Amino acid sequence: MEQAEIRRVYLLGAFIVAAFATPFAVGAWSGNIFYDRQWLMDLITVCLNGLLQGGVYAMYGVGLTLIFGVMRIINVAHGEIVMLGAYLTWVLFNAPEYLGLGWHLDPLLTMVITLPIAFALGFAIQKVLLNAVVGGPELTPLLITFGVGIAMINLVEWIFTTDYHTIPYQPDAFHITETIFVGKNKIISFAMALAISLGVFLFLKLHRLGKAIRATAQNPEVAMVCGIDVQRIYLVTFGLGAALASAGGALVSIQFGFNPETGVQYTVVAFAIIVLGGRGHYLGAMLGAVLLAVLENLVSFMVPNGSAMVEMAAYTMIVGVLLIRPQGLLGVKET
Amino acid sequence: MTSREHLRYLAYLGAFLVFLAVLPFQIGVYYRSFVMFTMMWVVLALSWNIISGYTGYISFGHVVFYGVGSYASAILVADHGWPWIPTLLVGAVVGLAVAILIGYPVLRLKGPYFAIAMLGAAEGTRVLVTVWDSLTHGGLGINLPNVENSMETYFAMLALMVVTILVSYWVGHSRFGIRLNAIREDELAAEALGVNTTLYKMAAFSLSAVFPAIAGGIQANKTLYINPDGEFLLLITITMTLMTMFGGKGTVIGPIVGAILLYLFQEVVWVKFPFFHLIMFGAFLILVARFMPRGIVGLFIARGWARKGMVH
Amino acid sequence: MKQHIWGMLTVLLGATLPFSGSTVLADHRSGNVVLVGGAISQTGRYAEPAGRQYNSVKLWVDQVNQRGGLLGHKVLLTMLDDKSDTQTAIKLYEKLITEDKVDLLVGPYSSGITDAVANVTERYHMPIVAYGAASADIWERGRKYIFAVNDIAENYQKGAAHLAKQIGVKRIAIIGEDSLFPRMSRKGLEQWAKQLGLQVVVAENYATQKQGDYTALLQKIKAQRVEAIFSNSYFDDAAAQIRQLREMNYDVKFFASTVGPGLPRFAKDLGPTAEYVLGFSQWEPNLSLGHPGMKEFIDAYKARYGTEPNYHSASAYASMQVFEAAVKQAGSFDREKLRDALSTIQVRTMFGTYKVDEKGMTNHEGLTFQIRNGKRMIVWPPHLAEVKPILPVPKWSER
Amino acid sequence: MGAQPPEIALDIRDLRKNFGGIRAVDGCSLAFPRGQISGLIGPNGSGKTTTFNLLTGVIAPDSGAIYYNGDNLAGLKPYQVFRKGITRTFQITRIYREMTVFENMLSASRLSVPERQGRARAEELMAFVNLTHLRDEYGGNLSYGQQKLLEFARALMPDPDVILLDEPAAGINRTLLADLLTHIHRLQGMGKTIVIIEHDMNVIMNHCAKIFVMDYGLKIAEGPAQEIQRNEQVITAYFGHR
């Protein structure tokens, strides 16, 4: 590694340490830190919640990082696919009741149906709209995916109105110790996200198609020479990305409220994650997601008016990391 | 191009100007603001075109300049009792300052990373404006003193549009513009062929920031109410992008035609269909991006009605 | 080529000219009609409550036409969509007044949009009844042409604050979205807290489009040993917060929200989690309130839209009743006469009695309710209370 | 300031550049004679193009100096080198594909020259390389050979004193090559210094007054064609040990 490269890695480390130190400093200064055991437990709970949330972030962040990594396309509609996933889950959750059966479908079980749908949707978007513009100027896919996103928002709004929905799934507290509680739904979501992420990770590492995807991400020309059908890899990649986003949507639906316009915040989070982790870097994205989620929670917990500044954490991360080391935490420098 | 051709275009512009100068006296308040907003979109599209159309750096957060311009103006008018016209100049200076602050680091990034960083910068500024309550009144927004100023804002916007068109015309027909284009085509080659790319990008970025800042100020004084979510809306960036793409990016006439047609269409036809009109907007965005990379001007070129390139 | 384009431009702009000519005034519209117009959020984030208001306006228009119209004129309604966007609303109201020349103007939804639109209506001396707004700010600016039907935002937490005092709560937290209405509600609550001796230990706004995870904020509140949480919230944030309180196993003495719990879906979607939440309502479809015409309105609304009206529907309908009375009183659609009528008349509507002070504000009094077995039961003010509130609410572990 | 003999246009001294541990240029010293055509050859990966990139500021050297008219060019930005009167072409042509031929030409015009004069020079040079008929065509629509010519003509726009040509003969046909070589000789006749990287040995041996040979980032030989052809080291570098 070059001298300058090493300097940048250190600088990035310092930046992240500073980002994490800031809420503590502000908290101490503004009297939001109490030096007792109870507060320490609260702090642990907050970090734990961040970790759990980070798991879900990671899952749809990985989806975007796959798409960006393989095709260098900025998919601005990623959050909208998350939103769509939440709606699909909600519809299936309620479907038996509307049919007069009087029971609900388990939201986790619905993934068996929603993920293939999302995969097919992503596949179709890539096939019809994006395959022809991969490798061209970045503006084209940017506009196309934004167009897809805005059409999706309004289509969903037209069908389901702008009402908020939520699925009251496993709403109780999970006792970790006497004083530390987290939501059961959060634990379940995290476990689910971890399982799915791990599955995709193993797929990429071990399966022939997964290896082909990684090869394409590294160098499409070489991949093509090696007999990989790059166009098909693109389709699978976008499908996979969409499926991951939609799985994220299912997990969002059992934790939070959602409406057609909530997608954009997930897009931003996913952007922050891929920038933090590095283009196309799977483990980097997971690390970035957890860092981001914990940081957000710390800001909200200790900074006065912190919940208004949560978004700031994501944007500071995006701009700061891009300026210091555009390839992110674990990414490799592009040539 | 010969100077006679320059003169001919100037004559067209003059005739157009006379028409626009007489127009507001013939029409009511609503249509006056309608034309005013059309001109605003022309300004925004042309400005976006200067950085993104010519240099190819996709400013995916260009609304930030519009936002800070409108906030600078509104704060001075509402909280400090300034008359509104001088606040536009302050807005321009603030826009310029923000452009330098953002541009200096961010313009070193390339391709998608620049776009993402601009998005982050714009959205981050929105949050900052929201949180900085003591200055901006946060989510409350700012109410400006209630006056009927459709005539004044019309002429302010007209003047701004004329300046923007003239500057764009100069950019589009000078070696400055060609060199910006060279950066878009091949930054490394441009640098090796004598273009101080850092300086040129910075100049183009600053230039493209000033006009939206002023336009934002005028808009704030016409609308008389602004809030962070409205002034820093991502959709505004997308709309300027779409207008420029639709007309033809990297040309002078393209963004003008794109802005006028699209705004007209949007306001006259699409608003009639709630829900559908944004679905149509999305579909239109896809179609333009996918099938009209050179926009309307490109179609003209393909049919041989227009010459290729920007200088002749 | 460029010649063509400039020519095209001129033609296009010229084409807008013919639209602009008419200067004929409204009263003498052909076909014996009066035009009632407005813009309301048919799409966007306010579409749900705004839609309920639009429903009521449509209902009133049909009913008034069956009754023979306004002063013998058939009523024609033109309702545009502001996309929940303030600037669009401003443009549309300018258009409605100066181009469409509507005779009666009906309001938009949300305090923020109403405040901005009031600038336009004030400029053109167009009277308007603000059924979609509640922030006192709107009337504090010395406006003469805007009238209120609702209790003000500053009073939304008044009942809950009094209940807190009753059960001996000391330390409270106030949280809410960072926009006009929740901030006004916060402002009012801070005054009530001062008056009642409640100590505000945390007061925070959060961004309008937040992720939905308030755990860290609630944890911060918990660390400050807060006893009752006042949340100036809509549906999504209120729902997320109450769910997360449960996940954290954080037992507050009560959780009071403003708009969210008043929406029927709240109790339905959240089920047992929503129990005992305090909420605010301007009006309830509850005949014990005893306003004239309530039953007829509720029945007609239910028959047409298949759902019970809530207070959003009711305040819009009441505003139209007020307009109808004012037009009768004024005997014309003249803007100034209409304004004078609106500022002086007293009307008994199905929403309550309409009578405004010199600022244009009413003394309509809101209600605080508690969700009990999925139903909204009025618990404050005492003289209207249906049940005695269960406070402090049961611990999560005991439910 | 290093003393520089007047007959030397570009004097490279002990130039070094490492890429992550690989020594691309390893203490190389080259002296290109003024007003002559010089050739720079060597096997693939010997550091020729890197030397050009170092000369023109595309990458900055780790150490060493490049003297030109008494100034040290090392560490200057590409546009600064350009302004000193040194221009280049690229191994794979880098013309602006979405700009017309004329715009390609004009982009390299010096700003100190009035626009009218710049336009005139562009027309002149387009005529010089026979591209006038394609004046308003997009660069991307030209054939590869035409693109090479365009790039060559574009490099002449600022009326440079030193012209660096990176594989001018690659990918163009015989006729065009003959044309190009005629142009190059005409430029030399005007007193320009020309340096050519080329794999086509015919071009190098028949047209270069002096030839420099690089291998593994080092200069291993220099001299006129006949000398180089007989140099053992050069033969070893190209063909390995026999």
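The structure presented is a predicted model; accordingly, all values stated were derived computationally and were not measured. (Residues numbered from 1 in each chain as written. Chains lettered and ligands numbered in written order. Predicted model: local features only at pLDDT ≥ 70, side-chain atom pairs only at ≥ 80, totals over all residues. Heavy atoms only, no water.)

### Digging into the overall build of chain C
Inference 1: Looking only at helices and strands, chain C has 13 helices and 14 strands in total.
Inference 2: Whereas a compact globule of 399 residues would reach a radius of gyration of roughly 21 Å, chain C reaches 23 Å, a difference of no more than 12%.
Inference 3: Across its three principal axes, chain C shows a C-alpha extent of roughly 70 × 60 × 40 Å.
Inference 4: Looking at chain C as a whole, 67% of its 399 residues qualify as buried.
Inference 5: In chain C, the proportion of contacts linking residues at least 24 apart, taken out of those at least 6 apart, comes to 70%.
Inference 6: Considering chain C, the positive charge centre built from 48 side chains and the negative charge centre built from 41 side chains are found 3 Å apart. (Helix = DSSP H or I, 4+ residues; strand = E, 2+ residues; numbered from the N terminus. Rg over C-alpha atoms; globule rule 2.2 N^0.38 Å. Buried < 20%, exposed > 50% of the residue type's maximum accessible area, 1.4 Å probe, protein only. Contact = heavy atoms within 4.5 Å. Lys, Arg positive; Asp, Glu negative; His and termini not counted. Charge placed at Lys NZ, Arg CZ, Asp CG, Glu CD.)

### Points about the confidence of the model for chain C
Residues and elements named next belong to chain C.
Inference 1: Looking at chain C, pLDDT values average 88 and 92% of them are 70 or higher.
Inference 2: Mean pLDDT across the elements of chain C bottoms out in helix α1 (residues 2-15) (49) and peaks in strand β9 (residues 254-257) (96).
Inference 3: Segment residues 5-9: pLDDT under 50, and 10 contacts once partners within four positions in sequence are set aside and those in other chains are kept.
Inference 4: The low-confidence segment residues 15-27 (pLDDT under 50) makes 18 contacts with residues lying over four places distant or belonging to another chain.
Inference 5: For this predicted complex, the interface confidence reaches an ipTM of 0.89, while the overall pTM sits at 0.91. (pLDDT = per-residue confidence, 0-100.)

### Focus: the interface of chain B and chain C
Inference 1: Across the boundary between the two partners, chain B contributes 53 residues, which contact 40 residues of chain C.
Inference 2: In total, about 4,300 Å² of surface goes out of reach between chain B and chain C, with carbon and sulfur atoms giving 66% of it.
Inference 3: When residues of chain B are sorted by the area they lose upon contact with chain C, Tyr 30, Tyr 31 and Leu 140 of chain B head the list and together hold 15% of the total.
Inference 4: Secondary structure elements with two or more residues in the side of chain B that touches chain C: α1 (3-26), α2 (29-55), α10 (197-223), β2 (225-226), α11 (228-231) and α13 (253-268) of chain B.
Inference 5: Examining the composition of the side of chain B that touches chain C, we find that 9 residues originate from one element, α1 of chain B, more than from any other. (Buried area = accessible area lost by both parts, 1.4 Å probe.)

### Some points on unusual backbone geometry
Residues and elements named next belong to chain C.
Inference 1: The omega torsion across Trp 380 and Pro 381 is 0°, close enough to zero to call that bond cis.
Inference 2: With respect to the secondary-structure elements, Pro 381 resides in the segment after β14 (375-380).
Inference 3: Cis geometry is adopted by the peptide bond preceding Pro 392, which originates at Leu 391 and carries an omega value of -10°.
Inference 4: The backbone of Tyr 276 shows a phi angle near 75°, a positive value even though the residue is not glycine.
Inference 5: Considering the arrangement of structural elements, one finds Tyr 276 in the loop between α10 (264-270) and β10 (278-281).
Inference 6: Accessibility expressed as a relative area gives 18% for Tyr 276, which makes it buried.

### Points about the sheet that holds strand β5 (residues 146-148) of chain C
Residues and elements named next belong to chain C.
Inference 1: A sheet is described by the order of its strands in space; here 5 strands give the open sequence β2-β1-β3-β4-β5, paired in parallel fashion. If you trace the sheet from one side to the other, it starts and ends with β2 (74-81) and β5, each paired once. Within the sheet, the average angular offset between the axes of one strand and its neighbour, ignoring direction, is 25°.
Inference 2: Bridging between strand β4 (residues 128-130) and β5 involves 3 bridges; their strand directions are parallel. For Ala 130, the partnering residue across the bridge sits in β5 and is Ala 148.
Inference 3: Seen against the sheet, helix α3 (residues 86-98) touches β1 (33-40), β2 and β3 (104-106) and runs at an angle of roughly 170° to β1.
Inference 4: Its contacts with the sheet put helix α4 (residues 111-123) on β3, β4 and β5, and the angle it makes with β5 is roughly 140°. (Pairing = 2+ DSSP bridges. Axes fitted to C-alpha atoms, helices over the stretch in contact; angles between N-to-C directions.)

### Points about the environment of Ala 242 of chain A
Residue and element names in this part refer to chain A.
Inference 1: As for its position among the elements, Ala 242 is in helix α9 (residues 230-253).
Inference 2: As for Ala 242 and Ala 120, which are separated by 122 residues in sequence, their C-alpha atoms are 8.5 Å apart.
Inference 3: Other than its neighbours up to four places away in sequence, Ala 242 contacts Ile 81, Ala 118 and Gly 122.

### Some thoughts on the packing of helix α11 (residues 282-302) of chain A against helix α12 (residues 306-324) of chain A
Residue and element names in this part refer to chain A.
Inference 1: In the contact formed by α11 and α12, the axes pass within 8 Å of each other and the chain directions differ by 145°. Between α11 and α12 lies a crossing whose hand is right-handed. Contact residues: α11 offers Leu 292, Leu 295, Glu 296, Val 299 and Ser 300, while α12 offers Gly 306, Ser 307, Met 309, Val 310, Ala 313, Ala 314 and Met 317.
Inference 2: Class assignment of the residues belonging to the contact of α11 with α12 gives a composition of 8 nonpolar, 3 polar and 1 charged. (Left-handed = near helix turned anticlockwise from the far one by under 90°. Nonpolar A, V, L, I, M, F, W, Y, C, P; charged D, E, K, R; others polar.)

### A look at the state of the cysteines
Residue and element names in this part refer to chain D.
Inference 1: Tallying each qualifying case throughout the model produces 0 disulfides over all chains.
Inference 2: The cysteine Cys 28 is free of any disulfide, with Cys 208 supplying the nearest cysteine sulfur at 16 Å.
Inference 3: Overall, the relative accessible area of 2% leaves Cys 28 in the buried class.
Inference 4: Among the residues examined, Cys 208 registers a relative accessible area of 8% and is labelled buried. (Disulfide = S-S within 2.5 Å.)

### So, the interface of chain A and chain C
Inference 1: Taken residue by residue, the interface counts 49 residues in chain A and 33 residues in chain C.
Inference 2: In this assembly, chain A packs against chain C so that about 3,500 Å² is buried in total across both faces, 44% of it on carbon and sulfur atoms.
Inference 3: The largest share of the area that chain A buries against chain C comes from Tyr 164, Pro 171 and Ser 307 of chain A, three residues that together contribute 15% of it.
Inference 4: Taken together, the connections running from chain A to chain C amount to 3 salt bridges.
Inference 5: Residue Glu 247 of chain C pairs with Lys 186 of chain A through a salt bridge whose shortest N-O separation is 2.7 Å.
Inference 6: Here chain A is connected to chain C by 15 residue pairs in polar contact (both at pLDDT 80 or more).
Inference 7: At the level of elements, α2 (37-71), β1 (173-175), β2 (181-183), α6 (184-206), α10 (263-277), α11 and α12 of chain A are the ones that each hand at least two residues to the side of chain A that touches chain C.
Inference 8: When the residues that make up the side of chain A that touches chain C are grouped by side-chain class, the tally is 24 nonpolar, 18 polar and 7 charged. (Salt bridge = Lys/Arg side-chain N within 4 Å of Asp/Glu carboxyl O. Polar contact = N/O pair within 3.5 Å; in protein donor to acceptor, adjacent residues only side chain to side chain.)

### A look at the side chain of Thr 197 of chain B
All names here are of chain B.
Inference 1: Secondary-structure assignment places Thr 197 in helix α10.
Inference 2: Reaching out from Thr 197, the side chain makes a polar contact with the side chain of Glu 191 at a distance of 2.4 Å.
Inference 3: Thr 197 has contacts with Ile 183, Glu 187, Ala 190 and Glu 191, leaving out every residue within four places of it along the chain.

### Notes on the arrangement of the chains
Inference 1: Pairwise contact counts over the 5 pairs of chains in contact peak for chains A and C.
Inference 2: Spatially, chain C and chain D are disjoint, and the shortest separation between their C-alpha atoms is 16 Å.

### Description of the environment of Ala 115 of chain B
Inference 1: Relative to the helices and strands, Ala 115 of chain B is located in helix α5 (residues 111-131).
Inference 2: Considered as a pair, Ala 115 of chain B and Ser 59 of chain B are 56 residues apart in the sequence and their alpha carbons are 5.8 Å apart.

### What to know about the sheet that holds strand β3 (residues 37-41) of chain D
The strands making up a sheet associate through hydrogen bonds between their backbones, and the pairing can be parallel or antiparallel.
Residue and element names in this part refer to chain D.
Inference 1: With mixed pairing, the 6 strands of this open sheet are ordered in space as β6-β7-β8-β3-β9-β10. Both outer strands of the open sheet, β6 (86-88) and β10 (218-223), are each paired with one neighbouring strand and no more. Sheet twist, expressed as the average angle between the axes of neighbouring strands with direction ignored, equals 20°.
Inference 2: Note: β3 against strand β8 (residues 193-197), 4 bridges, orientation parallel. Residue Ser 38 lies in a different strand from β8, and its bridge partner there is Val 195.
Inference 3: Lying over the sheet, helix α9 (residues 232-239) contacts β3, β9 (210-215) and β10, oriented at roughly 130° with respect to β10.

### A look at the pairing of β10 of chain C
Residues and elements named next belong to chain C.
Inference 1: Side chains Leu 278 and Phe 280 project from β10 onto one buried face, and the interleaved Gly 279 and Ser 281 project onto a second face that is buried too.
Inference 2: In terms of strand pairing, β10 meets strand β13 (residues 367-372) through 4 bridges, oriented antiparallel. By the bridge assignment, Ser 281 is partnered in β13 with Leu 367.

### Some points on the domain arrangement of chain C
Often, the extent of an interface is quoted as the loss of accessible area upon association of its parts.
Residues and elements named next belong to chain C.
Inference 1: Taken domain by domain, chain C comprises domain 1 (10-151 + 286-354) and domain 2 (154-281 + 381-398).
Inference 2: Its C-alpha centre places domain 1 at a distance of 32 Å from the equivalent point of domain 2.
Inference 3: Taken residue by residue, the interface counts 16 residues in domain 1 and 17 residues in domain 2.
Inference 4: Carbon and sulfur atoms supply 53% of the area buried between domain 1 and domain 2, which totals about 1,500 Å² over both sides.
Inference 5: Of all residues in domain 1, Arg 45, Asp 151 and Tyr 311 give up the largest surface area on contact with domain 2, accounting jointly for 34% of the area buried on that side. (Domains from an automatic or database assignment.)

### Points about the packing of aromatic side chains
Inference 1: Applying the stated criterion across every chain, the model contains 39 aromatic pairs over all chains.
Inference 2: Between Phe 246 of chain B and Phe 284 of chain B, the aromatic rings sit 5.1 Å apart at their centres with planes inclined by 70°, giving edge-to-face as the arrangement. Taken together, the residues span a long stretch of sequence, with Phe 246 of chain B in helix α12 (residues 234-247) and Phe 284 of chain B in helix α14 (residues 276-291) at a distance of 38 residues.
Inference 3: Residue Phe 246 of chain B is classed as buried on the basis of its relative accessible area of 12%.
Inference 4: Taken together, the aromatic side chains of Trp 283, Phe 297, Tyr 301, Tyr 305 and Tyr 317 of chain C make up a single cluster linked through ring pairs.
Inference 5: Between Arg 8 of chain B and the ring centre of Tyr 9 of chain B, over which it is positioned, the NZ or CZ distance is 5.9 Å.
Inference 6: Arg 399 of chain C extends its terminal NZ or CZ atom over the ring of Trp 396 of chain C, reaching a point 4.1 Å from the ring centre. (Phe/Tyr/Trp six-rings, centres within 6.5 Å; stacked < 30°, edge-to-face > 60°. Lys NZ or Arg CZ within 6 Å of the ring centre and 35° of its normal.)

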